[in-house]
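The residues making up each chain are set out below.
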Amino acid sequence: MTITKYFPKKISLSTLIIFAFTSCQPNTTNEQTIESLLSQMTIAEKVGQITQIDHRFLDDHSDITDYSIGSLLSGGGSHPKENTLKAWVDLYNGYQEKALASRLGIPLIYGIDAVHGHNNVKGATIFPHNIGLGATGNADIVRLVSEATSSEVAATGINWTFAPCIATPQDYRWGRTYEGFSSDPNLVLKLGVAAVEGYQSANKKNQRKVIACAKHFIGDGNTVFGTGIKNLVDRGNTIMTRETLKETLIPAYQAAVDAGVQTVMASYNSWNGVKCHGSKELLTDILKEEMGFEGFIISDWQGIDEIPGDYKSDIVTSINAGMDMVMVSGEGEPYKKFMALLTEAIEEELIPMSRIDDAVARILKVKLEVGLFDEPLMDYEYLSEIGSKKHREIARDAVRQSVVVLKNESILPLSDSTKEVRWSKIVVAGKGADNLGMQCGGWTIEWQGGQGDITEGTTILEGLVENAPPGIEIIHDPRANKVKGDVAVIIIGEDPYTEFFGDRDSLNLNKEDLQVIENAKAQGMKVVVLLTSGRPMNIANHIDNWDAFAAIWLPGTEGAGISDVLYGRYNPTGRLSFPWPVQAEEGTSSSSLIYDMGEGLSYE
Ligand code: GLC
């Protein structure tokens, strides 16, 4: 165990003893350290390690010390008062020092949803959401994106991202469709492994690893419409035999486990009527025993609360089922109530101590392997990684590769260096033209994302203006009703949403978008429609009136990648990773497709 570079200001005597013990035995194995710690831990300290709280809901920061809290998180939109890079490092260090000051000085592990970049952090690079990465079909770019994300997460001190989501969304009315790479389990497996490898690649400079989290185990994208929240999709019931589960959904998780993923998040949905959060068959029999998962299982946000029964029985059911850490969050049931009830359940032997020790041992093992006992604190040294030119270039490349051109009546590319300028006056319109928040989508700065200049980046319009070839004039006319050009590029689509806020029973395009396209047509312009969305939508009744169409998904902050494709500097390679039904609400069950999985045009 190396000498800790950053000695916390206050260090407890027992920490010194452990440190002395382990340091003087240079070949102290992690197992010996775990055994030593477990033998000293009280029930209260073991309960603390199993508890994860969103930092916003801490009653008092000293609770971290007093209760030996094992983990904190920043949920969607949970950031320091001032969302600055240094404030993130200070936030992390402040909490970590509280953990190191506890009786045994066990460092806490801090988790965050860095699902398309370090997306809670203002100024971070925001990459395309998984549906766009799925359209690249390219494991290399996914690995690069995840590695860059991991580097930005590590720079703030944080050690754990709740990513990748390896759902295989089937019903596009699900608000989380865009968090899936594809409806095809094989593509999800390929890209999921690349993401795990990228996220968990040690940060080159400070060797600080970030751990990944395969989620949500299992069947989150396969629920039956009408069984979810508000009788829609999210958190509904997945009906599937164990054999089908093993053939379709398990392989991506097995591959993630084999790739060394350190955590798995249980899913809110039910499997054949049983909440995943309370299913011993799923969490222990299948994931831990059959699949050999040796990391730890984290619940979703207040996920155990949705198990039928009162809160104490939820706790008993979930921990006995194999849950190792509980994202209590503190927003619903108070975390002190959780800890008191868990302690009670242990004392009443409703939960065997062997299960508690197994959970804590798994948590300690991950903390040791991620290097937290060696380097618990962070400095400002790596903050230049965040939003760096290098990472933005990776993001722009991912954007280029994610664009799926599906119709092109000889309009695109808008310029061709080998020919004279074809379209000299290009109108750019639509609510997504100059709207960074819309092109980023959910999980960006705030939980539900936002509109307009929510962070630093390049809008699609800015990209078209900054990269216009000589002879091409770009005019921004939001509703395409003021200026007549040769071609109108119209960016339409969905306002940002996250999770069940995006559940819909209809996937029609909105009237405002359709009106802008009509305005452009009425002026006699050719129209190139770009759809910014988290899923396939109902375009079948409209696309005949469009001269060109591309799905650009949720590209993130590097909108210039879109102009690279439109100007022909990148020959589009994006291909659909979801089949596109005539009636989008039918999802993958549709037998009438407008475009099939794998479709997409290139220019030649
Ligand atoms: C959310 C999501 C999960 C996320 C967690 C923490 O409800 O279901 O994907 O990682 O809570 O924000």
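Residues numbered from 1 in each chain as written. Predicted model: local features only at pLDDT ≥ 70, side-chain atom pairs only at ≥ 80, totals over all residues. Heavy atoms only, no water.

Peer 1: Describe the packing of helix α3 (residues 43-50) against helix α14 (residues 353-369), with residues and values.
Peer 2: Two numbers describe how α3 lies on α14: the axes approach to 10 Å, and their chain directions differ by 55°. By the angle between their directions, the pair α3 and α14 is classed as oblique. The interaxial crossing formed by α3 with α14 has left-handed handedness. Facing Ile43, Lys46, Gln49 and Ile50 of α3, the residues of α14 in contact are Met353, Ile356, Asp357, Ala359, Val360, Ile363, Leu364 and Lys367. (Axes fitted to C-alpha atoms, helices over the stretch in contact; angles between N-to-C directions. Helix = DSSP H or I, 4+ residues; strand = E, 2+ residues; numbered from the N terminus. Parallel < 35°, antiparallel > 145°, perpendicular 65-115°, else oblique. Left-handed = near helix turned anticlockwise from the far one by under 90°. Contact = heavy atoms within 4.5 Å.)

Peer 1: Please give an account of the pattern of salt bridges that cites residues and values.
Peer 2: Close approach of charged atoms allows side chains of opposite charge to pair. Scanning the model with the defined rule gives 35 salt bridges in all. Ionic pairing is found between Arg392 and Glu558, a salt bridge with its closest N-O pair at 2.8 Å. Taken as a pair, Arg392 in helix α15 (residues 389-402) and Glu558 in the loop between β17 (548-551) and α19 (560-566) lie far apart in primary sequence, 166 residues in all. The pair formed by Arg392 and Glu558 is uniform in burial state, with each residue classed as buried. Asp564 is the salt-bridge partner of Arg396, the closest N and O atoms lying 2.8 Å from each other. Here the residue Arg396 occupies a position in helix α15, and Asp564 occupies one in helix α19, the gap between them amounting to 168 residues. (Salt bridge = Lys/Arg side-chain N within 4 Å of Asp/Glu carboxyl O. Buried < 20%, exposed > 50% of the residue type's maximum accessible area, 1.4 Å probe, protein only.)

Peer 1: Describe the site of the ligand, listing the residues and the values that go with them.
Peer 2: Not every one of the 13 residues close to the ligand is listed here, only the nearest: Asp113, Arg176, Lys215, His216 and Asp300. Asp113 is positioned with one of its side-chain polar atoms (N or O) 2.5 Å from an oxygen atom of the ligand. In the environment of the ligand, an oxygen atom lies 3.1 Å from a nitrogen or oxygen atom belonging to the side chain of Tyr268. Protein contacts shield 97% of the accessible area of the ligand, which totals 310 Å² for the unbound molecule. Tallied by class, the residues present in the shell around the ligand amount to six nonpolar, two polar and five charged. (Near = heavy atom within 4 Å. Polar contact = N/O pair within 3.5 Å; in protein donor to acceptor, adjacent residues only side chain to side chain. Areas by Shrake-Rupley, 256 points an atom, 1.4 Å probe, with all protein chains shown as cover. Nonpolar A, V, L, I, M, F, W, Y, C, P; charged D, E, K, R; others polar.)

Peer 1: For the domain arrangement of the protein, give the residues involved together with the corresponding values.
Peer 2: Once the domains are mapped, the protein shows domain 1 (3-384) and domain 2 (403-595). Measuring from the centre of the C-alpha atoms in domain 1 to the corresponding centre in domain 2 gives 35 Å. Across the contact, 47 residues belong to domain 1 and 40 residues belong to domain 2. Summed over both sides, the interface of domain 1 with domain 2 buries roughly 3,300 Å², with 57% coming from carbon and sulfur. Arg176 is the partner of Glu499 in a salt bridge, and the nearest nitrogen-oxygen pair spans 3.6 Å. There are 28 residue pairs in polar contact (both at pLDDT 80 or more) connecting domain 1 and domain 2. Broken down by element, the side of domain 1 that touches domain 2 gets its largest block of residues, four residues, from helix α6 (residues 130-136). When the residues that make up the side of domain 1 that touches domain 2 are grouped by side-chain class, the tally is 19 nonpolar, 18 polar and 10 charged. (Domains from an automatic or database assignment. Buried area = accessible area lost by both parts, 1.4 Å probe.)

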